[in-house]
Amino acid sequence: MIELSEQASTERFMTSRQMAWFRFRRNPAALIGATIVISVTMLAIFAPILSPSPQSAGSFVDFAHRHHPPSAEFWFGTDNVGRDIFTRVIFGYRISLSLVVGVLGFAVPFGVILGLLAGYFGGRTEFIIMRFTDVMLAIPPLAMALAITAVLSPSLVNAMIAITMLWWTWHTRLIFRIVKAQMSEDYVEAAKVAGASHAHIMFKELLPNCISAISVKISLDAGFVILFGAALSFLGLGVHPPTPDLGTMVSTGSEYLPEFWWEALMPGLAILYAILGFNLLGDGLRDMMDVEV
Amino acid sequence: MAFYLAKRTLSLLLVLFGLAILIFIIARIVPGDPARIALGPLATANQVLEMRHEMGLDKPFIVQLWDYLSGLFRGDLGKSFLTSRPVMQDIVGALPATFELVLFTIILQITISIPLGVIAAIYRDTWVDNISRVISLIGVVTPGFVLAIILQLVASYKFQFFPVTGRLDAGIDYEATYTGLLIIDSLIDGRWDVLGDALRHIILPSIALAAAGIGQVMRITRSSMIEVSGRDFIEASRAYGIPERVVRFRYMLRIACVAPLTILGLEFASLIGNAFIVEFVFSWPGIASYGVRTILEKDLNAVIGVVLVSGVFFVVANLTIDIILGFIDPRNRLREGAEK
């Protein structure tokens, strides 16, 4: 009880931003999440410097060391042609993160703008946009992404396109809900009376109120985009070998189960690690900014 | 209730209609000639022309769309190039296996996640709650195929509790004739050996498939139980001296079930998606295995059919959930009526 009242009295003297940071710092799960995300990003950016054997990232072959179990020299073991799996995991994060940036870079703005339009104008605009969103949501995402990548022939860019085409719907729904609730607020009414343009009200008045929800959603999304991309390449519809990709590594490694278990398990756990990080971070941000997504 | 049902069904039909058109457009605007793709690079120009004619690709777009939609109404999805049989026949053949897996998974999700969520809510903020939090987090962040491989490694290879792949041992001679679901049909026939073997085969894939949903539904059950427990009528019931067990399980749980069931309906889309992966890993002979095979072979008619059928699956599941929710919480159907 004492601790609670102390916290309450501390919070009273802080600005809202300080308070948010205070809450974030007090949340161990969020801190772990942030640490994981930073470590994954750093590994990806400095992959050529940090990896123990950079040549393993390509089509390097070392038959003397094939199927080597995890050891001090090869932390995650080596694969069927003797490449260091740890190195390939680090380079695999590059692919995963560029997928995240590519997908969210297109899907988020698109989804947000549609949500703003539907929520602000209402009526027929809302009907058309939201019904279309419903239709898109009725398609099981992975099935659709599989179909698109298959027809377009498998590659990183096509996987990106396929995931982007399905991802915007969630942002449209989220923003639509928030804007719809904001429309009856006084500040929107005031802006209208003051003669502000539609664009001004949507982007300068309504959008700032959606930013915290969007950032939480992006953080939660990032993990699932990684999962999605890995699932696609696991089925053979993603990046081409010898480019190191986590999903492809799991799928190749699973051919050598159960004997050389690390070849599938280690990249699998690496995917799990990244997803876990983004998820914990997203949950932490949600508690910190106190929004529902 | 009848009005509510009719309205829901109508709006779902609208969604399905939109889905059918959308998939068709996507399949037609792709670069490359579907006839050429179907025949492979070795076919002559004449063969491709013939194929185009046979597939109706030489007709105007609108006519193609009309043919396709009227085909749908007759249950005709065209022919698969991979198996050279009607796509509908292939899908109907693969459907029971998927249906069995998905049904078993959902039963697993409900029977595990709702009780665990209730327990976490009752023992909130104790170690029990913390453990349930960790379990649900692991469930949510573990990719289906990674979990599948871990399960295979531990339960099949290491301890040899469960078979690695398939739906039934090759040595067992059994034809599921009533529903196509091995578990139910073997019960009807009294074939206990088949039942046992089918159960041993289905457990690992359904755990791999259920994990993500279990995590989510558990957390939502917990938070809605906690939310309901603060309401006045619960306090009042307790004050009347109604036994705690009755308050918890008859009054609170009924209301607290609404949110998890809604989520289960939404989760269904990702469930079908993940089924593609899980069926692939466990060589489960269902519609998703068929889908992956035809996708890799660029068998367009079959791909359209599979995506469409999984869309129908999803939409029907959501309708079912809506109906169940209408019974559990009458406000749902009354609210819809009041809007009119």
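What counts, and at which threshold
- Residues numbered from 1 in each chain as written.
- Chains lettered and ligands numbered in written order.
- Predicted model: local features only at pLDDT ≥ 70, side-chain atom pairs only at ≥ 80, totals over all residues.
- Heavy atoms only, no water.
- Helix = DSSP H or I, 4+ residues; strand = E, 2+ residues; numbered from the N terminus.
- Contact = heavy atoms within 4.5 Å.
- Areas by Shrake-Rupley, 256 points an atom, 1.4 Å probe, with all protein chains shown as cover.
- Lys, Arg positive; Asp, Glu negative; His and termini not counted.
- Charge placed at Lys NZ, Arg CZ, Asp CG, Glu CD.
- pLDDT = per-residue confidence, 0-100.
- Expected span 1.5 Å × (residues − 1).
- Buried < 20%, exposed > 50% of the residue type's maximum accessible area, 1.4 Å probe, protein only.
- Buried area = accessible area lost by both parts, 1.4 Å probe.
- Polar contact = N/O pair within 3.5 Å; in protein donor to acceptor, adjacent residues only side chain to side chain.
- Nonpolar A, V, L, I, M, F, W, Y, C, P; charged D, E, K, R; others polar.
- Salt bridge = Lys/Arg side-chain N within 4 Å of Asp/Glu carboxyl O.
- Phe/Tyr/Trp six-rings, centres within 6.5 Å; stacked < 30°, edge-to-face > 60°.
- 1 Å grid on protein atoms, 1.4 Å probe; cavity = no way out; pocket = protein on both sides within 12 Å on 5 of 7 lines; lining within 4 Å.
- Points joined across faces, edges and corners; volume = space filled by probe spheres on them.
- Core = buried A, V, L, I, M, F, W, Y, C linked by side-chain atoms within 4.5 Å.
- Bend = angle between axes of the 7 residues up to and from the residue.
- Patch = residues over 30% accessible without salt bridge, like charges linked within 9 Å, V, L, I, M, F, W, Y side chains within 5 Å.

**Student:** Break down the overall build of chain A for me, with residues and values.
**Tutor:** Counting its secondary structure elements, chain A contains 13 helices and 0 strands. When the helices and strands of chain A are placed in sequence order, the string is α-α-α-α-α-α-α-α-α-α-α-α-α. In terms of overall dimensions, chain A has a C-alpha envelope of 75 × 55 × 30 Å along the principal axes. Taking the intrachain contacts of chain A between residues at least 6 apart in sequence as the baseline, contacts between residues at least 24 apart amount to 73%. Counting every atom, chain A has about 13,300 Å² of accessible surface; 66% of that belongs to carbon and sulfur. Across chain A, 18 positive and 22 negative side-chain charges occur, with their mean positions spaced 7 Å apart.

**Student:** Explain the confidence of the model for chain B to me, using residue names and the numbers behind them.
**Tutor:** Residues at a pLDDT of 70 or more form 94% of chain B, whose mean pLDDT is 82. The ipTM value of the predicted complex is 0.81, and its pTM value is 0.83.

**Student:** I'd love a proper account of helix α13 (residues 262-289) of chain A, names of residues and values included.
**Tutor:** The α-helix advances 3.6 residues per turn, and as a result positions three or four apart in sequence lie on the same side. All names here are of chain A. Here α13 spans 40 Å end to end across 28 residues, near enough to the 40 Å set by a 1.5 Å rise per residue. The buried count for α13 comes to 21 of 28 residues, which makes it a mostly enclosed element. Backbone geometry just after α13 places Asp-290 at a positive phi near 60 degrees.

**Student:** Can you lay out the interface of chain B and chain A for me, pointing to particular residues and giving the numbers?
**Tutor:** Of the residues lining the interface, 38 residues belong to chain B; the matching set on chain A comes to 42 residues. The contact between chain B and chain A buries some 3,400 Å² in all, and 88% of this surface belongs to carbon and sulfur atoms. If you look at where chain B meets chain A, you find 0 residue pairs in polar contact (both at pLDDT 80 or more). The dominant element in the side of chain B that touches chain A, judged by the number of residues it contributes, is helix α12 (residues 258-281) of chain B, at 8 residues. A per-class count over the side of chain B that touches chain A returns 30 nonpolar, 7 polar and 1 charged.

**Student:** I'd like to hear about the pattern of salt bridges, residue by residue, with values.
**Tutor:** Counting across every chain of the model gives 19 salt bridges over all chains. The residue Asp-79 of chain A makes a salt bridge to Arg-88 of chain A at a minimum N-O spacing of 3.9 Å. Residue Asp-79 of chain A shares its accessibility class with Arg-88 of chain A, and that shared class is buried. Linking Glu-244 of chain B and Arg-248 of chain B is a salt bridge whose minimum nitrogen-to-oxygen distance equals 3.3 Å. Separated by 4 residues within a single helix, Glu-244 of chain B and Arg-248 of chain B lie in helix α11 (residues 244-256), roughly one turn from each other. A cluster of three or more residues bridged by salt bridges with shared partners is formed by Asp-129, Arg-133, Arg-219 and Arg-222 of chain B.

**Student:** Account for the packing of aromatic side chains, with residues named and values stated.
**Tutor:** Residue and element names in this part refer to chain A. Under the definition given, this model contains 15 aromatic pairs over all chains. Ring geometry for Phe-110 and Trp-168: centres 5.4 Å apart, planes at 90 degrees, overall edge-to-face. One end of the pair, Phe-110, is in helix α5 (residues 85-121); the other, Trp-168, is in helix α8 (residues 156-182), and 58 residues separate them in sequence. Judged by relative accessible area, Phe-110 falls into the partly exposed class, the value being 44%.

**Student:** Would you mind going over the layout of surface pockets in detail, with residue names and values included?
**Tutor:** Residues and elements named next belong to chain B. Roughly 540 Å³ of internal volume is contained in the second largest pocket. Contributing elements (two or more residues each) for the lining of the second largest pocket: α1 (2-29), α3 (45-55), α4 (61-73) and α14 (300-328). Looking at which element gives the most residues to the lining of the second largest pocket, the answer is α4, with 4 residues. The residue inventory of the lining of the second largest pocket, partitioned by class, reads 6 nonpolar, 6 polar and 7 charged.

**Student:** Report on the nonpolar core, specifying residues and quantitative values.
**Tutor:** Note that soluble globular proteins tend to have their nonpolar side chains buried in a common cluster. Phe-145 and Phe-276 of chain B are the most contacted members of the largest nonpolar core, which totals 155 residues. The greatest single-element share of this core, amounting to 15 residues, is contributed by α5 of chain A. Apart from the residues lying within four places of it in its own chain, the contact partners of Phe-276 of chain B are Leu-142, Ala-143 and Leu-146 of chain A together with Ala-288, Gly-291, Val-292 and Val-306 of chain B. Listed in part, the 18 residues of the second largest apolar core include Val-217, Ile-226, Val-247 and Leu-253 of chain B.

**Student:** Could you give me a rundown of helix α11 (residues 211-234) of chain A, with the residues and numbers involved?
**Tutor:** All names here are of chain A. An ideal rise of 1.5 Å per residue puts 34 Å on 24 residues; α11 measures up with 34 Å between its terminal C-alpha atoms. Along α11, the largest kink reaches about 25 degrees and is centred on Asp-221. Of the residues flanking the end of α11, it is Gly-236, one or two places downstream, whose phi is positive at about 85 degrees.

**Student:** Help me get a handle on the confidence of the model for chain A, residues and values and all.
**Tutor:** Chain-level pLDDT for chain A is 85 on average; 95% of the residues reach the 70-or-more range. At the low end of the mean pLDDT range in chain A sits helix α1 (residues 2-12) of chain A, at 53; at the high end sits α5 of chain A, at 93.

**Student:** Pulling in residues and values, what's your account of a nonpolar patch on the surface?
**Tutor:** Residues and elements named next belong to chain A. Among the surface-exposed residues, Ile-38, Met-42, Ile-45, Phe-46, Ile-49 and Leu-50 lie close enough to one another that they form a single nonpolar patch of about 600 Å² accessible area. If you list the elements that add at least two residues to the nonpolar patch, you get α3 (28-45) and α4 (47-50). It is α3 that provides the largest number of residues to the nonpolar patch, a total of 3 residues. Looking at the secondary structure, you find Ile-38 in helix α3.

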